[in-house]
Amino acid sequence: MNKLTAHELIENIKNNNAASIQVVEAIEKRVKDIDAKIKGYVRTPASELSYSGDIKPPACPAGRQSHKATLKGIPISIKDNICTDGFNTECCSKILEGFKPPYDATVIRKLKEAGALVLSLKTNMDEFAFGSSTENSFFGPTHNPWDLECVPGGSSGGSAAVVASDEAIAALGSDTGGSIRQPASFCGVVGLKPTYGRVSRYGLIAFASSLDQIGPITKDTRDSALLMNVISGYDPNDSTSVDIETPDYTKALDKDIKGLKIGIPKEYFVEGIEPEVKEVIREAIKKLEGLGSITKEVSLPHTEYAVPVYYIIATAEASSNLARFDAVQYGYRAASFTNLIDMYKKSRGEGFGQEAKRRIILGTFVLSHGYYDAYYLRALKVRTLIKEDFDKVFGEFDCVVTPTSPSPAFKIGEKIEDPLKMYLSDIYTISANLAGIPAISIPCGFTKKGLPVGLQILAKPFAEETLFRVANAYEQNTEWHKMKPKI
Amino acid sequence: MAIDKKTVEYVAHLARIELQTQELEKLSRQLEDILSFIDKLKKQDITNIAPTSHILPIHNVLREDIPRESLSVEKALKNAPKRQGNFFTVPKIIE
């Protein structure tokens, strides 16, 4: 049962409450059998697996859209940076050791209202979502189910790995610069970053507030649409969530793509991309053409600036957001110190890992007196240019298709000592966050060594339906999403 | 842009992070690499370009000042590293 998708399970569970217990048991068994190798979940053992949510979900207050129990009995795995009432949520950081949130994130509340079972075991991630490989976790790295010596991508590497290895039915991740899409690509699953403002960030432990979005990591596109139906929508607790109606995304799935205009940005196929990845992506584009879409080369001329702009804006916002970890209200406090300032400095010095310190210090630097204009303000201006590149293309095209990552999964340890090299692995995913647009990664083939390659589709703000339409059309005519790692 | 150890130490202090000597060495080197990479932004002409700090138009969200249910004191204090009664405990800050 653990091998099924959510939409397949829904049929099984419909009138059979026992079935959802069996699913949780099947997942528990799978975790016990293989998670010692994958380490997709943290704070195991699986014997302690429990869930919150009710097999018979309570009726929702009148007028609320998620009234329908569309995910009744479906277990969902949650990244360690999304607050789950009573279940540890530590962002895989020592500084949040033992933290049990006193409330549910809005997405968790919505999942429960839709009847989903929220698992107590949380998925592994780079500390505070700082990374592209899940190696920066306080709990140690997750292993890619397709090759245990490789990283699963990151920062939502745990979520992608447990979905790929059938240790989960579906999962939630978060994406600030590619943290859902790049691991989805590395693990051969479907990962969606929604439009900024589409999904409430309330209860997501903030990394970079102008870029962060929560999104689903699933075995196929239909599940992604199902989860989006539940988690999307305005939330008074997140002033950046947008008050527009959530469509029924599953309705977009069955539309064909005849006549759809797809832009292929030339800047994504130049230096840095591995030839094998390029080849697989070219094949995928041919497939989309074969399905009736019209493709044409386009230009996003400021693409080369996306990574430097991102590492200024994201670290600046992170340095401010992570100021809250002061060893007073929650989290780790150093054992000895001389005064209040010393308590802050020692607790943060001991509690944060290397990458977190690097980013907080970089972010503090670019915001500091004398450097603000040269770095932060300049980055905000170039961000405008990156956004305008997309506005122009979407004036003429329905979507843009690119590789999700310039390479397949790399080896554990390969880039961890060279932060800059690691940052560059996000080169194709970062722009979507800077421009606030939605983007999805779907499996589209394998390298000769058997590592998955992901195809990224991007569309204009709030056009997730276009993404689902293209992704599902491709999926219906290929078998890549059905491939499973041998583990 | 060069960033020396002294600057890193100062910025770490602003960020309230204590660094060990070895960490300081390594971080200074890495930050220098990252900053020189970031410097490629200087190539881009930004005259008359407005900054984008948020992708959506952001405005203040106000609500009526009506009391409503919030976290209980017990729940709010549950994760405190140190507490006394209904308070968070911190080192003495007034002489």
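Residues numbered from 1 in each chain as written. Chains lettered and ligands numbered in written order. Predicted model: local features only at pLDDT ≥ 70, side-chain atom pairs only at ≥ 80, totals over all residues.

### So, the overall build of chain B
Line of reasoning, step 1. Check the secondary structure of chain B and you find three helices and two strands.
Line of reasoning, step 2. Secondary structure of chain B in N-to-C order comes out as α-α-α-β-β.
Line of reasoning, step 3. The C-alpha extent of chain B, read off along each of the three principal axes, is 55 × 45 × 25 Å.
Line of reasoning, step 4. Within chain B, buried positions represent 17% of all 95 residues. (Helix = DSSP H or I, 4+ residues; strand = E, 2+ residues; numbered from the N terminus. Buried ≥ 20, exposed ≤ 12 C-beta atoms within 10 Å, placed from the backbone.)

### Looking at the overall build of chain A
Line of reasoning, step 1. Across its full length, chain A holds 14 helices and twelve strands.
Line of reasoning, step 2. In terms of overall dimensions, chain A is globule-like: its C-alpha atoms have a radius of gyration of 21 Å, near the 23 Å expected for 487 residues.
Line of reasoning, step 3. Each principal axis of the C-alpha distribution contributes one length, and for chain A these read about 70 × 60 × 50 Å.
Line of reasoning, step 4. By the burial criterion, 63% of the 487 residues in chain A qualify as buried. (Rg over C-alpha atoms; globule rule 2.2 N^0.38 Å.)

### Quick look at the nonpolar core
Line of reasoning, step 1. Counting 166 residues, the largest nonpolar core has Ile76, Leu111, Val309, Ile312, Ile361, Cys399 and Ile457 of chain A as its most contacted members.
Line of reasoning, step 2. No other element matches helix α8 (residues 306-321) of chain A, which puts ten residues into this core.
Line of reasoning, step 3. Sequence-distant contacts of isoleucine 312 of chain A, that is, excluding residues within four places in its chain, are made with Val366, Tyr375, Tyr376 and Ala379 of chain A together with Ile38 of chain B. (Core = buried A, V, L, I, M, F, W, Y, C linked by C-beta atoms within 7 Å. Contact = placed C-beta atoms within 7 Å.)

### Some remarks on the confidence of the model for chain A
Line of reasoning, step 1. Confidence in the prediction for chain A averages 94 pLDDT; 96% of positions are at 70 or higher.
Line of reasoning, step 2. Low confidence marks residues 55-67 of chain A, where pLDDT is under 50. Its contacts with residues over four positions away, or in another chain, come to 17 contacts. (pLDDT = per-residue confidence, 0-100.)

### Notes on helix α3 (residues 106-113) of chain A
Residue and element names in this part refer to chain A.
Line of reasoning, step 1. Counting buried residues in α3 gives eight out of eight residues, a clear majority hidden from the surface.
Line of reasoning, step 2. When we look at burial in α3, the residues that qualify are Thr106, Val107, Ile108, Arg109, Lys110, Leu111, Lys112 and Glu113.
Line of reasoning, step 3. Here the buried face of α3 lies against β2 (51-52), β3 (75-79), β4 (117-123), β5 (170-175), β7 (213-218) and α6 (221-231).
Line of reasoning, step 4. Where α3 terminates, the next one or two residues include glycine 115, which has phi positive at roughly 90°.

### Focus: the pairing of β4 of chain A
All names here are of chain A.
Line of reasoning, step 1. Buried residues dominate β4, accounting for six of its seven residues.
Line of reasoning, step 2. As paired strands, strand β1 (residues 41-42) and β4 are joined by two bridges and run antiparallel to one another. Bridging from a neighbouring strand, valine 42 pairs with lysine 122 of β4.
Line of reasoning, step 3. The pairing of β2 with β4 spans two bridges and is antiparallel. Within β4, the position partnered with tyrosine 51 by the bridge is leucine 119.
Line of reasoning, step 4. Of the strand pairs in this sheet, β3 and β4 are connected by four bridges, and their pairing is parallel. Of the residues in β4, the one forming a bridge with proline 75 is leucine 117.
Line of reasoning, step 5. In this fold, β3 hands off to α3, which returns the chain to β4; that crossover is right-handed. (Pairing = 2+ DSSP bridges. Right-handed = clockwise from strand over helix to strand, strands pointing away.)

### Topic: the packing of helix α1 (residues 5-14) of chain B against helix α2 (residues 21-38) of chain B
All names here are of chain B.
Line of reasoning, step 1. Packing of α1 against α2 brings their axes to within 9 Å, and their N-to-C directions diverge by 105°. In terms of orientation, α1 and α2 fall into the roughly perpendicular class. Facing α1, whose interface residues are Lys5, Val8 and Glu9, α2 presents Leu24, Leu27, Ser28 and Leu31. (Axes fitted to C-alpha atoms, helices over the stretch in contact; angles between N-to-C directions. Parallel < 35°, antiparallel > 145°, perpendicular 65-115°, else oblique.)

### Looking at helix α2 (residues 17-38) of chain A
Residue and element names in this part refer to chain A.
Line of reasoning, step 1. If you check α2, its first and last C-alpha atoms are 30 Å apart, about what 22 residues at 1.5 Å a residue would give, namely 32 Å.
Line of reasoning, step 2. Taken as a whole, α2 carries its principal kink of about 45° at lysine 32.
Line of reasoning, step 3. Among all positions of α2, only Ser20, Val23, Val24, Ile27, Glu28, Arg30, Val31, Asp35 and Ile38 are buried.
Line of reasoning, step 4. If you follow the buried residues of α2, they end up packed against α1 (6-13), β1, β2, β3, β4 and α4 (157-164). (Expected span 1.5 Å × (residues − 1). Bend = angle between axes of the 7 residues up to and from the residue.)

### Structural notes on the pairing of strand β8 (residues 261-265) of chain A
Residue and element names in this part refer to chain A.
Line of reasoning, step 1. Alignment of β8 against strand β9 (residues 294-298), held across five bridges, turns out to be parallel. Of the residues in β9, the one forming a bridge with isoleucine 264 is glutamate 297.
Line of reasoning, step 2. With two bridges joining them, β8 and strand β10 (residues 399-403) adopt parallel strand pairing. Its bridge partner being in β10, isoleucine 262 is matched across the sheet by cysteine 399.

### Points about the interface of chain B and chain A
Line of reasoning, step 1. Contact residues are listed per partner, giving 42 residues for chain B and 52 residues for chain A.
Line of reasoning, step 2. Listed by contribution, the elements that provide at least two residues to the side of chain B that touches chain A are α1, α2 and α3 (73-77) of chain B.

### Examining the packing of helix α10 (residues 354-367) of chain A against α2 of chain B
A pair of packed helices can be characterised by two numbers: the angle between their axes and the separation between those axes.
Line of reasoning, step 1. α2 of chain B packs onto α10 of chain A with a crossing angle of 55° between their chain directions and a minimal axis gap of 11 Å. Taken together, the axes of α10 of chain A and α2 of chain B lie oblique to each other. Here the hand of the crossing between α10 of chain A and α2 of chain B comes out right-handed. The segment α10 of chain A lies against α2 of chain B, with Lys357, Arg358, Ile361 and Leu362 of chain A engaging Leu27, Gln30, Leu31 and Ile34 of chain B. (Left-handed = near helix turned anticlockwise from the far one by under 90°.)

### Here's the deal with unusual backbone geometry
With glycine set apart, most residues show a phi of negative sign, and most peptide bonds adopt trans.
Line of reasoning, step 1. Between glycine 154 of chain A and the following residue, serine 155 of chain A, the backbone shows a cis peptide bond with an omega angle of 10°.
Line of reasoning, step 2. Take serine 155 of chain A: it is sitting in the loop between β4 and α4.
Line of reasoning, step 3. Even without being a glycine, alanine 327 of chain A presents a positive backbone phi close to 65°.
Line of reasoning, step 4. Mapped onto the elements, alanine 327 of chain A comes out in the loop between α8 and α9 (340-351).
Line of reasoning, step 5. The residue asparagine 48 of chain B is not glycine, and still its phi comes out positive at about 60°.
Line of reasoning, step 6. One can find asparagine 48 of chain B in the loop between α2 and α3.

### Structural notes on the confidence of the model for chain B
Line of reasoning, step 1. With 98% of its residues at a pLDDT of 70 or more, chain B shows a mean pLDDT of 92.
Line of reasoning, step 2. Confidence metrics for the complex model read pTM 0.96 and ipTM 0.95.

### Re the environment of serine 36 of chain B
Line of reasoning, step 1. Mapped onto the elements of the fold, serine 36 of chain B is located in helix α2.
Line of reasoning, step 2. Sequence separation of serine 36 of chain B and glutamate 69 of chain B is 33 residues, and the distance between their C-alpha atoms is 51 Å.

### Some points on the environment of leucine 121 of chain A
Residues and elements named next belong to chain A.
Line of reasoning, step 1. With respect to the element layout, leucine 121 can be found in strand β4.
Line of reasoning, step 2. When the 28 C-beta atoms within 10 Å are taken as the criterion, leucine 121 is described as buried.
Line of reasoning, step 3. Sequence spacing of leucine 121 and tyrosine 41 is 80 residues, and the spatial spacing of their C-alpha atoms is 6.2 Å.

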